[in-house]
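Observations on the three-dimensional arrangement
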Amino acid sequence: QVQLVESGGGLVQSGGSLRLSCAASESISSLNAMGWYRQTPGKQRESVASITNGGRTYYADSAKGRFTISRDNAKNMVYLQMNSLKFEDTAVYYCNAVQATYYPPRVSWGQGTQVTVSS
């Protein structure tokens, strides 16, 4: 239902920074929450950060103090600022959106963007 396109991934050294962007095909004000997940081969996709349309945020313990999620409603964009990157942050990062007016909630996913951190 919602098209999500990620960008901003790449190769960085340990301690470096990246800013991921997610463009949504419709007003993000109509989406109850948006967030970022990551996945490595052989492991389950895990939540990194999320933000509701009311501005409440969530961070995984591994991301607290290093990552910041933000949004720009006028541009239909969500961002993930990633600082002090570590080798274990290497993963494919996915943008997602949740529409809680459905039960179960309707979840949309982007195609993912690769983040590689050299050790």
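Anyway, here's the lowdown on the structure attached to this text.

1. Brief notes about the state of the cysteines
Counted by the stated rule, this structure contains one disulfide. Shown here is the disulfide that connects Cys 22 with Cys 95, its sulfur atoms set 2.1 Å apart. Looking along the S-S bond of the Cys 22-Cys 95 disulfide, the torsion reads about -80°, which is the left-handed sense. Separated by 73 residues along the polypeptide, Cys 22 in strand β3 (residues 18-24) and Cys 95 in strand β9 (residues 91-99) bring together distant segments of the chain. Of the residues examined, Cys 95 reaches a relative accessible area of 0% and is grouped as buried.

2. Overview of the nonpolar core
In terms of nonpolar packing, the biggest core is built from 28 residues, with Met 34, Trp 36, Leu 80 and Tyr 93 touching the most fellow members. At the level of secondary structure, the elements contributing two or more residues to this core comprise β3, β4 (33-39), β5 (46-52), β7 (67-72), β8 (77-82), β9 and β11 (113-118). Other than its neighbours up to four places away in sequence, Tyr 93 contacts Glu 6, Leu 20, Trp 36, Tyr 37, Arg 38, Val 48, Phe 67, Leu 80, Met 82, Gly 112, Thr 113 and Val 115.

Reading the values: the criteria
Residues numbered from 1 in each chain as written. Predicted model: local features only at pLDDT ≥ 70, side-chain atom pairs only at ≥ 80, totals over all residues. Heavy atoms only, no water. Disulfide = S-S within 2.5 Å. Helix = DSSP H or I, 4+ residues; strand = E, 2+ residues; numbered from the N terminus. Buried < 20%, exposed > 50% of the residue type's maximum accessible area, 1.4 Å probe, protein only. Core = buried A, V, L, I, M, F, W, Y, C linked by side-chain atoms within 4.5 Å. Contact = heavy atoms within 4.5 Å.

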